[in-house]
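# Residue-level structural notes
Each chain, written out:
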Amino acid sequence: MSNYHIKHLEEYYQVYRKSVINPENFWQEVAEEHFVWRKRWDSVLEWDFTKPEINWFKGAKLNITENCLDRHLLTRGDKTAILFEPNNPEEEAQHISYKELYEKVNAFANVLKSQGIKKGDRVCIYLPMIPELAMAVLACARIGAIHSVVFAGFSATALATRINDSDCKMVLTADGSFRGAKTIDLKGIVDEALNDCSCVENVLVVKRINSDITMQKGRDQWLQPLLDKASTVCEPEIMDAEDPLFILYTSGSTGMPKGMVHTTAGYMVYTAYTFKNVFQYKENDVYWCTADIGWITGHSYIVYGPLANGATTLMFEGVPSYPDYGRFWEIIEKHKVNQFYTAPTAIRALAKEKLDYVESHDLSSLKVLGSVGEPINEEAWHWYNDNIGKKKSPIIDTWWQTETGGIMISPVPYATPTKPTYATLPLPGIQPVLMDENGNEINGNQVDGRLCIKFPWPSIARTIWGNHKRYKETYFSAFENKYFTGDGALRDEVGYYRITGRVDDVIIVSGHNLGTAPIEDAINEHPAVAESAIVGFPHDIKGSALYGYVILKETGESRNHDNLRKEINQIITEHIGPIAKLDKIQFTVGLPKTRSGKIMRRILRKIAGNDISNLGDTSTLLNPEVVQEIIENKL
Ligand code: PRX
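Quantities reported herein were computed from a predicted structural model and do not represent experimental measurements.

Neighbouring the ligand are 17 residues, the closest being D397, T398, T402, D487 and R502. In this structure, E374 approaches the ligand through a main-chain N or O atom, which is 3.4 Å from a nitrogen atom. Residue R502 places a side-chain N or O atom 2.8 Å away from an oxygen atom belonging to the ligand. In isolation the ligand exposes 530 Å². Once the protein is present, 95% of that is buried.

It is worth spelling out helix α2 (residues 23-34) at this point. Taking 1.5 Å per residue, 12 residues should reach 16 Å; α2 reaches 17 Å between its end C-alpha atoms and fits that length. Every buried residue of α2 is accounted for by P23, F26, W27, Q28, V30 and A31.

Our next topic: the packing of helix α10 (residues 264-279) against helix α11 (residues 296-308). α11 packs onto α10 with a crossing angle of 90° between their chain directions and a minimal axis gap of 8 Å. With respect to their mutual orientation, α10 and α11 come out roughly perpendicular. Note on element contacts: α11 touches α10 through H299, S300, Y301, Y304, G305, P306 and A308, opposite Y267, T271, A272, T274, F275 and F279.

Once that is clear, we can look at the sheet that holds strand β7 (residues 146-149). In spatial order, the strands read β12-β11-β8-β6-β7-β14-β15-β24; together these 8 strands make up an open sheet with mixed pairing. Where the open sheet ends on each side, the last strands, each with one partner, are β12 (220-222) and β24 (463-464). With 4 bridges connecting them, strand β6 (residues 122-126) and strand β8 (residues 170-174) associate as parallel partners. Bridging across to β8, V123 finds its partner in M170.

Here we come to the sheet that holds strand β22 (residues 441-442). Backbone hydrogen bonds are what pair the strands of a sheet, in a parallel or an antiparallel way. With antiparallel pairing, 5 strands are arranged side by side in an open sheet as β22-β21-β23-β25-β26. The strands lining the two open edges of the sheet, one partner per strand, are β22 and β26 (497-502). Pairing of strand β21 (residues 432-435) with strand β23 (residues 447-453), which is carried by 4 bridges, proceeds in the antiparallel orientation. When the bridges of β23 are listed, L434 appears paired with L451.

Attention now goes to unusual backbone geometry. In this chain, K51 is followed by P52 through a cis amide linkage whose omega measures -20°. Mapping P52 onto the fold places it in the loop between β1 (43-48) and β2 (53-58). The peptide bond linking Y322 to P323 adopts the cis configuration, its omega dihedral lying at -5°. Looking at where P323 falls in the secondary structure, it is placed in the loop between β17 (312-316) and α12 (327-335). Positioned with a positive phi, K336 is a non-glycine residue whose angle comes to about 50°. Examined against the element boundaries, K336 turns out to sit in the loop between α12 and β18 (339-342). Of the residues examined, K336 reaches a relative accessible area of 57% and is grouped as exposed. Of note in this structure, S510 is not a glycine but carries a positive phi near 45°. Mapped onto the elements, S510 comes out in the loop between β27 (506-509) and β28 (512-515).

About the criteria used
- Residues numbered from 1 in each chain as written.
- Predicted model: local features only at pLDDT ≥ 70, side-chain atom pairs only at ≥ 80, totals over all residues.
- Heavy atoms only, no water.
- Near = heavy atom within 4 Å.
- Polar contact = N/O pair within 3.5 Å; in protein donor to acceptor, adjacent residues only side chain to side chain.
- Areas by Shrake-Rupley, 256 points an atom, 1.4 Å probe, with all protein chains shown as cover.
- Helix = DSSP H or I, 4+ residues; strand = E, 2+ residues; numbered from the N terminus.
- Expected span 1.5 Å × (residues − 1).
- Buried < 20%, exposed > 50% of the residue type's maximum accessible area, 1.4 Å probe, protein only.
- Axes fitted to C-alpha atoms, helices over the stretch in contact; angles between N-to-C directions.
- Parallel < 35°, antiparallel > 145°, perpendicular 65-115°, else oblique.
- Contact = heavy atoms within 4.5 Å.
- Pairing = 2+ DSSP bridges.

Take it as geometry only, folks, not as evidence of what the structure does.
Now the structure itself:
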């Protein structure tokens, strides 16, 4: 029996038991068998959730790019590593072999070095979904620089916040990006952001859309001429197991976005292991994850997990609706995709379109269908199963988080029987528990509670960049000696988990985590706004959409409300990005508050979701009369 590759249910249970009885032995075996180490570890695991401090493979030395690139050269040099499908279907796809990728990453790494980037420096990557994005990530890892990829849909303000928080020395960007029929002026956004970032010394620019941009002398350079001059050999920087590999920002319910720090060895071992098992990847398969590398899904399951397994990973630059709603299915047919990994919001959007878009394509290559980012509702699950998988490809509902680094709860396809809307069973090494509000573990099945993990796994984020205190408070303080996920879950009669959603003020819109506080802060900057509160409400395609309750100042009251709504969404777009725009904005004279002044979001959530039959006791509110007013004026 191999720990590394599970093929049937009985084997899953055996491996799982082993991983729980002796986790250190289990992960040691995985690490020994499948990776290149420059020096072996002194200890497999040292941990203390009270501090919290977690060390995996302490003392080991390695470079993750040696594992993702160099070691495949002999056996897979000509195999396609990255299969790039451009936004425009008329533009040819690129097949970048392991050998080419190796050379390009090395050249890129040499360019970074020549620009003064050293081990431990932070490099912000703000690029569209083009091969240079994956190469940039790997080039940083090659020289031990810490990459911080910011999704290229974020605004200049959001980008500046992230650059400053981690004190990035360099920004890698492009002249612009293609998105369906539109182009986006990425360089312009970077220029605006950098007005507020004194830490950035250099900007390297990829030419993608051939637009006219301004290059700031002494700061900005085109990447290509530098690459042309660079050597294609760059010795990997030898890293400690616990050296940071990257920072990736995720929204919290309050305050600044959190720069989650992932380290090298544990992240590599866990993403490689889970990629192999969750997608049942076989040597000549073509694997496609539709996420953007700007999110954790792209880091772990477009770049590191697949490449550590020598897989062919498809990168798509465009959107599912361009040039029409058949684009995903066309790509699957064209490249004979075997594993397809996407988000419920995409499935719901495509399920609304004519079935012709699906039926005109041959999808028979598919073997595994993945879902990630939010709970997949029953209707979307069945549509995916019936029309895309033709009831033959198991649906892998994968639950995990930016913080967990890799997939935590998921069926192992062809081993774990699937069940609609259930992420099913924990992967080996993952020990989930459900907790009640009083901090007690809920035992048995057919129960629901707050989802925690009681034992460390190799790819858990180690800290929040520059704020270990917040890391401790957010994840390790709600329940003693446990990692708290922020999600609610239920466990059915056979022990399967179903994730029911966030239990905090994070709202997941189209699979993107959005904290309410930063959006409210943005709105409150509008000169006519006195106060605001954001809640989520159910939405057919996005899963949840945002509903804003806004109190205007006297100066705002006399103004045209539709114009104000546009201006409010404009401010949000500027501060965060278009993904955080509100679907509905209701102007109100008050917000329901407790006597201590806290907004009762529960009530606002119910009203926004048309669920006013059971609002609970409102008599203890400071201003109960406002509730009726809000109901009467609901949009
Ligand atoms: O609420 C859970 C939801 O997405 C959150 C994590 O978001 P993020 O850090 O952006 O990472 C998304 C990609 C891994 C979780 O706390 N979530 C993610 N996957 C699922 C899910 N909710 C239900 N089912 C899932 N499969």
